[in-house]
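Each chain, letter by letter, is given below.
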Amino acid sequence: MEFVMEGSLEVAGAAEGGICHASAPVYFSDCDRKVEQEKLSGVVKGVHRKLRKKYKEVGDFEKIWREHCKDEELLSEYALAMKNLADGHWAKTSEGEGRIEWCRSVCQEYFLNGGLKQMLEKDEKRAKLSLPSLSLCTDPIQKHDDASPADSFKSLEELTRLLHLSGKIRLLDVGSCFNPFLKFDEFLTVGIDIVPAVESVYKCDFLNLQLQLPLELSQDAVDAFLMQLSNPIDALPKELFNVVVFSLLLSYFPSPYQRWICCKKAHELLALNGLLLIITPDSSHQNRHALMMKSWKVAIESLGFKRYKYVKYSHMHLIAFRKISIKTTNDLVSQNYPEMLYIPQDFSSLEDEDYLDSPSQARSDMEDEQLASYFSELPDSVYDSDSGESQSSSIPFHETDDPLLLLS
């Protein structure tokens, strides 16, 4: 069945249930639109499955990723499917608060409405309370946290000056595809993807992106640098962005270590007190994958982040981390932190993936054993997030709003 946008085509002839005149625009029913959603989602899901299958067969994620990036026909089909989903389906729905609007609202609250200042004041109070015990601390985050509260407040002054000069929050959208943040005036957006679906997105393989020394330029000059990037992007300076967005990105990769590399690069590309926003799909009830989210939190915080916000919507987890230290230690890999960035598909066969999101399905014995193994490597204490306990959204978010979120 061919998908036609409302009012975009005129046809003649008989249509099911009536006559369609030559001058009348075509309007497809919800049923027709759902069929097209499933078709496009199937393309996306097929790419994910192909990657996971190769990884389980070969095991060399670097080799598999190189081959994947060379398959331009497959990647172009994937990018087109994502673009059509965005234009033909996601843009048609207004019910619920989508992931893009959530990212925007978190950035506005944090950078423009006092959220950052509040967190820095909280850091200062926490540092004063913990000062006597710092010499005995074995926490890998605090060991490499070279950002004192005073340094943090200096960065706040610098950030305020940046916003007053340019009026823009510098945002890197990784796996952008169709550059959804470009329409918002408060952002200076750089969208990157291995195969862009629109001209405004730069071609870039984030896993193999080279990182350079930070720019020593005025904020206006840094903004000008971002607006004159060459395409494709092979390298970027460190500490360049205020926000890095991973929207439905990490679950794309078949290996936990690739997800770890992405988070580590995000840390290096962010300025101090910048935000990493992660959206990952999950259609199960809120508590089913609570261990997974706890594992992600500890792994990402070990890099020098602190969780700022967490929300569970009907079909996704939305997490905001803020960068609280400039550097990370080098021994995190040996401590098993990368393996903590797992997803349910890491434990399943390809035949079982369709059933992973069933709320009634219990974890397998193998998954429980893996989880126990991972959590045996955790530090003795679990770090509290800045925002306290996790939240769940009371706003309805239906699967027809965002069909890709069913592909977890």
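As shown above, the structure is provided for reference.
An account of the accompanying structure is given in this report. Everything quoted here is computed from the prediction, not taken from an experiment. (Residues numbered from 1 in each chain as written. Predicted model: local features only at pLDDT ≥ 70, side-chain atom pairs only at ≥ 80, totals over all residues. Heavy atoms only, no water.)

1. As for the side chain of H317
Along the polypeptide, H317 turns up in strand β11 (residues 316-323). Engagement of the side chain of H317 in a polar contact is seen with the side chain of D282, the distance being 2.7 Å. One polar contact links H317 to Y310, side chain to side chain, over a distance of 2.7 Å. Those residues in contact with H317, other than ones at most four positions away along the chain, are I278, I279, T280, D282, M292, M293, Y310, V311 and K312. (Helix = DSSP H or I, 4+ residues; strand = E, 2+ residues; numbered from the N terminus. Polar contact = N/O pair within 3.5 Å; in protein donor to acceptor, adjacent residues only side chain to side chain. Contact = heavy atoms within 4.5 Å.)

2. Regarding the pairing of strand β9 (residues 270-281)
Counted residue by residue, β9 has 12 buried out of 12 residues, so it is predominantly covered. Where strand β8 (residues 241-247) and β9 come together, six bridges link them in parallel fashion. Paired with F241 across the bridge in β9 is L270. For the segment spanning β8, helix α9 (residues 256-269) and β9, crossover handedness is right-handed. Bridge analysis of β9 against β11 gives seven bridges, and the strand direction is antiparallel. In the sheet register, L275 faces β11, and the bridge partner there is R322. (Buried < 20%, exposed > 50% of the residue type's maximum accessible area, 1.4 Å probe, protein only. Pairing = 2+ DSSP bridges. Right-handed = clockwise from strand over helix to strand, strands pointing away.)

3. Observations regarding the environment of D282
Along the chain, the position of D282 falls in the loop between β9 and α10 (290-301). Counting along the chain gives 31 residues from D282 to Y313, while the straight-line C-alpha distance between them is 8.6 Å.

4. Observations concerning the nonpolar core
By size, the foremost hydrophobic cluster in this structure holds 65 residues, and its most contacted members are F246 and L276. No other element matches helix α3 (residues 72-88), which puts seven residues into this core. Residues contacting L276, with those up to four places away along its chain left out, are V244, F246, A266, L270, I300, F305, I319, A320 and F321. Judged by nonpolar contacts, the second largest core, of 27 residues, contains I100, L248, L277 and M316. (Core = buried A, V, L, I, M, F, W, Y, C linked by side-chain atoms within 4.5 Å.)

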